[in-house]
Amino acid sequence: MSEFHQIDSYTPRSQQYRLLPFRFTQLNDQDYVVSNIAGDFMVLPDEDLRRLIDHELSPESSLYVELRARQFVIDESTAIAPDLLAIRVRSRYERLADFTSLHLFVVTLRCEHSCKYCQVSRQSDNRPQFDMSSADADAALALALTSPSPVIKIEFQGGEPLLNFPLVEYVVCEAERRRVNKRIEFVIATNLALIDRDILTFCAEHEINISTSLDGPGDLHNLNRPRPGGDSYERTINGIRVAREFLGRDRVGALMTTTEASLGRVRDIIDEYLCQGFDRIFLRPLSPYGFAIKTRSYMRYNTDRWLDFYRQGLDYVIALNKQGIALTEFYASTILSKMFTSRDPGYVDLMSPAGIGIAAVVYNYDGYVYASDESRMLAEMGDHHFRLGHVRQNSYKDIFLSPTLIDPLEESFAYSNPMCHDCAFEPYCGADPVFHWATHKDHVGLKPESEFCRRNMAIFRHLITLMERDPFVRRLFMNWANRC
Amino acid sequence: MLKLGGHIDLIKRATGIPAALYTITTDPNLPISIRPRFALLSDSPRDVTDYGAQLVFADDPNRPSLTAADNVYRVPVHFDYLKDGDIVHIDGSQRRMNTLFRKGASNNSILLTEQCNHYCLMCSQPPKKIDDSHLLRRALDLVSLIPKDARRIAFTGGEPTLYGDRLIDLIRHAKIQLPHTSVDLLSNGRKFKDKDFASRFGKIGHPYCTVAIPVYSDDPVRHDYVVQAPGAFDETVRGILNLKRFGQRVEVRIVLHKQTIGRLRQTCEFLCRNLLFVDHVALMGLEITGFTRANLDLLWIDPYEYRHILSEAIETLNTYGMPASVYNHQLCVVNPDVEGNYRKSISDWKNEYIECCGACTRRSECGGFFSSSKMYRYSDHIKPYV
Amino acid sequence: MTVNVDFDSGVFSLDAVKAACYALVDRFTSDIELSDRKIICRLTFSDSISEPAASAHIDRLRKEVLDQDLRRKLKAETEPIRNLILAHAFSKTGLIGDE
């Protein structure tokens, strides 16, 4: 019918378009990643990027149509993108207003393991001065309940928290009694060696989750985590089984610590997780805290080796998924949720503003308050830089508004950082002032020399490259992004 | 296919009867006090008084003369689907009857206007530039008559929001008169770009009202092209944002055809990233009626050919947790991975099957075809499940 | 080893050159000097570096300067709309374009 117009009538007549805010970073020799202010990304060849910025793209080209739909440009046909971008930016930062949601209670420093990478535990089983007192627990709980967040998570840590289980029981019951308009989730981070039916009955009654350590197959796990009897692995496996009986599969999780010995054994580790029936694995970075005294080139060497470990591991996980085995890698899924959604997954180490204090806080066995778990570890090594106060001596305001917390938050805010500011991956990354303090004695670090930066940029590039190459991976990653 | 309208012949009449709504009954012995609201439906005329109208399928030439009866009309036999509780509009002077409400239907569509500010390539109700506001008044009366246990009604057009605040009055009226009935309002959403209008609409506070708004592409140019209106995309999206801001339930609809299938996956991603607060997404098969027939070359694509794209789109919506449904497709032309979102149909009075469907073991789960599709165009890949 | 790399100051801003040198500070250190119409970067590599490796780093620097320059152009153009988006993202009243 003549009264219908062709699509040309709706295509902008002029070639004029306006660029919306975006950033670009090299992906590889030919291509760049561009990301807009809401964190959407696209991959463009070098030449197309330049033509885009020089306003040389034609409004009929499919690349232009894509860029406009994805909110990188606007023209006379549409002006709504800024509204949509503003909404998404707001969503991204919404969780900030809830403030601290994760509260770690170090109920004791005592532990019967002597894990190689642990900086904090004391081996002697029977010295109560390494236990948190109920007076300190009360004060810590009061601080936790002051958090504006409608949901808080209380995580019991140690040492080995089960060695001071009476205090765990006390905190759980008190928290449930005292909470007003707040949902509280509980987690116990335990090696499970000392788990028994009474403890599990209590956990079932109060819906407490268990998070345990599983470093890999028996030989690797026991090598990393010695205990008298050399049977950490056997006890862990048994503990997992029993815990699941009482709590169900979903309430029992495992984390691994990556050590020198782990590198080169990533498939074995993943197989172990599959064997134990987990549907999630977190291929964690090497901790820098034991390496603080090493040279920079050694640190770089370790980052490279870890990246090999990670890439191999991720390849294997993807291959398993292709076979129909649903296993998620947690580090990737955290990043992917930032790439594909406006939800903040709340993973402390990849947040900007930094997660210290804002997302998580630690109440130590001695009543001192620390900005994060790593901050507490630093303190055990003699550096109290991130100690925020004491539960009985300082008020909520003293602690959460102290310069000890605010200064590193402000200084490390990625968006204000000279290189982070221009980086296309900034929406997916984080500020880690504790890491940078530990390695550079500076909250920010020199980004070109930061192993945190190198590691994360390598991962961002790797994830994007995998998605570009394989539509299956893109769909898989989109699925992971929404599971966080 | 059911015909909802038809020509009627007057057999005997009383003076001065205005066009009006009547509830159908087959009971000649209703209490006299309520008879005026009813139209008595029978095979041939009966000598009874006080019914608002009598509808007969045939006039018996040997019948005694009707002394008591008045407003007796002969109606075409295609109205034999009418049942007790259905509601018709009889216009004696125009000699027309229209079925407006069917008690047994899962969903009753009430046309509010044929005016529209869009001119969609596939419009099933081509716009007319006439003042048909009598339809709005009729709808108000109809809502008062519809039984309180009716499950669902839909207000359609044209573009209902052209009535402005009078539409708000209608929705509020429906909330009061039919507090348990779901109401779907089909609209292009553009009027809701006016924040105050959206706010007033939201204030109705109808607990079961959904505004169903089409978004045909994440590409504004393509959307504007499909609806044949420049600037439509921006205003529609703005309307959706405002409605959600004021607590109104919103569904996004996408009609699947050659002009929308190309970016369907990207459009669904767009909805998930930018409009995740929308309550439901409906992916709908093409009805071969209205403008669709004139634009068939531009629009027709065999659903079997796009089944993988449909699967990808549904997978995206499911992954993001966006509630989604597929309507108006046959079960044999979609992939199994879509069946969790597949709905048998959206309007049962339009559905039919073709010959080979007789052997199909899954026929009862399948929505079949629009009568118009069956007549003009449907997939080349229809195959019974055996 | 020390190498000089020049950039035309009529084409590239000092800012862009400095940013590029900063981004690559893990590969070489640089002294920057402005002279006539040239920005001169005196790059110092580690003693153990080979010719091809140094050459690759220099190519990288040239590319990085181009990128930094492009970033400045992009930023200048999009700064106003960026501020508008952020202002509305963090405002209490809500969206732009309230009709």
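Residues numbered from 1 in each chain as written. Chains lettered and ligands numbered in written order. Predicted model: local features only at pLDDT ≥ 70, side-chain atom pairs only at ≥ 80, totals over all residues.

K.L.:
How do you make sense of the overall build of chain C when you look at a structure like this?
P.N.:
Helix and strand counts for chain C come out as 2 helices and 3 strands. The secondary structure elements of chain C, listed N-terminal to C-terminal, are β-α-β-β-α. Against the 2.2 N^0.38 benchmark of 13 Å for 99 residues, chain C shows a C-alpha radius of gyration of 19 Å, more extended than a compact globule. Projected onto its principal axes, the C-alpha coordinates of chain C cover approximately 65 × 30 × 15 Å. A total of 99 residues make up chain C; the buried ones form 21% of that total. Long-range pairs, those at least 24 residues apart, make up 71% of the contacts in chain C between residues at least 6 apart in sequence. (Helix = DSSP H or I, 4+ residues; strand = E, 2+ residues; numbered from the N terminus. Rg over C-alpha atoms; globule rule 2.2 N^0.38 Å. Buried ≥ 20, exposed ≤ 12 C-beta atoms within 10 Å, placed from the backbone. Contact = placed C-beta atoms within 7 Å.)

K.L.:
Is there a simple way to think about helix α7 (residues 264-274) of chain B in this case?
P.N.:
Most of α7(B) sits out of view: 10 of its 11 residues are buried. Taken residue by residue, α7(B) has Leu264(B), Arg265(B), Thr267(B), Cys268(B), Glu269(B), Phe270(B), Leu271(B), Cys272(B), Arg273(B) and Asn274(B) as its buried positions. In the core, the buried residues of α7(B) are packed alongside α2 (62-69) and α3 (81-93) of chain A together with β13 (249-255), α6 (258-261), β14 (280-284) and α10 (307-319) of chain B.

K.L.:
Sorry if this is basic, but what is going on with the sheet that holds strand β3 (residues 20-25) of chain B here?
P.N.:
Residues and elements named next belong to chain B. An order of β1-β8-β7-β3-β4-β5-β6-β2 is seen for the 8 strands of this open sheet, with the pairing classed as mixed. What marks the edges here is a single partner per strand, and that holds for β1 (5-7) and β2 (9-12). Neighbour-to-neighbour, the strand axes of the sheet open up by a mean angle of 30 degrees, direction not taken into account. Relative to strand β8 (residues 96-101), β1 is paired through 3 bridges, and the arrangement is antiparallel. If you follow His-7 over to β8, its bridge partner there is Arg-96. (Pairing = 2+ DSSP bridges. Axes fitted to C-alpha atoms, helices over the stretch in contact; angles between N-to-C directions.)

K.L.:
Before we go on, may I ask you to explain the interface of chain A and chain C in this structure?
P.N.:
A common way to report how large an interface is uses the accessible area buried once the components associate. Taken together, the contact between chain A and chain C spans 18 residues of the former and 22 residues of the latter. When residues of the side of chain A that touches chain C are assigned to their parent elements, the largest contribution, 6 residues, is made by α3(A). Split into classes, the residues belonging to the side of chain A that touches chain C amount to 13 nonpolar, no polar and 5 charged. (Nonpolar A, V, L, I, M, F, W, Y, C, P; charged D, E, K, R; others polar.)

K.L.:
Explanation requested: the interface of chain A and chain B in the structure shown.
P.N.:
On the side of chain B, 23 residues touch chain A, which itself brings 20 residues to the contact. Looking at the side of chain A that touches chain B, the elements with two or more residues in it are α2, α3 and α17 (471-481) of chain A. Looking at the side of chain A that touches chain B residue by residue, the classes come out as 10 nonpolar, 6 polar and 4 charged.

By themselves, these figures tell us nothing about what the structure is for.
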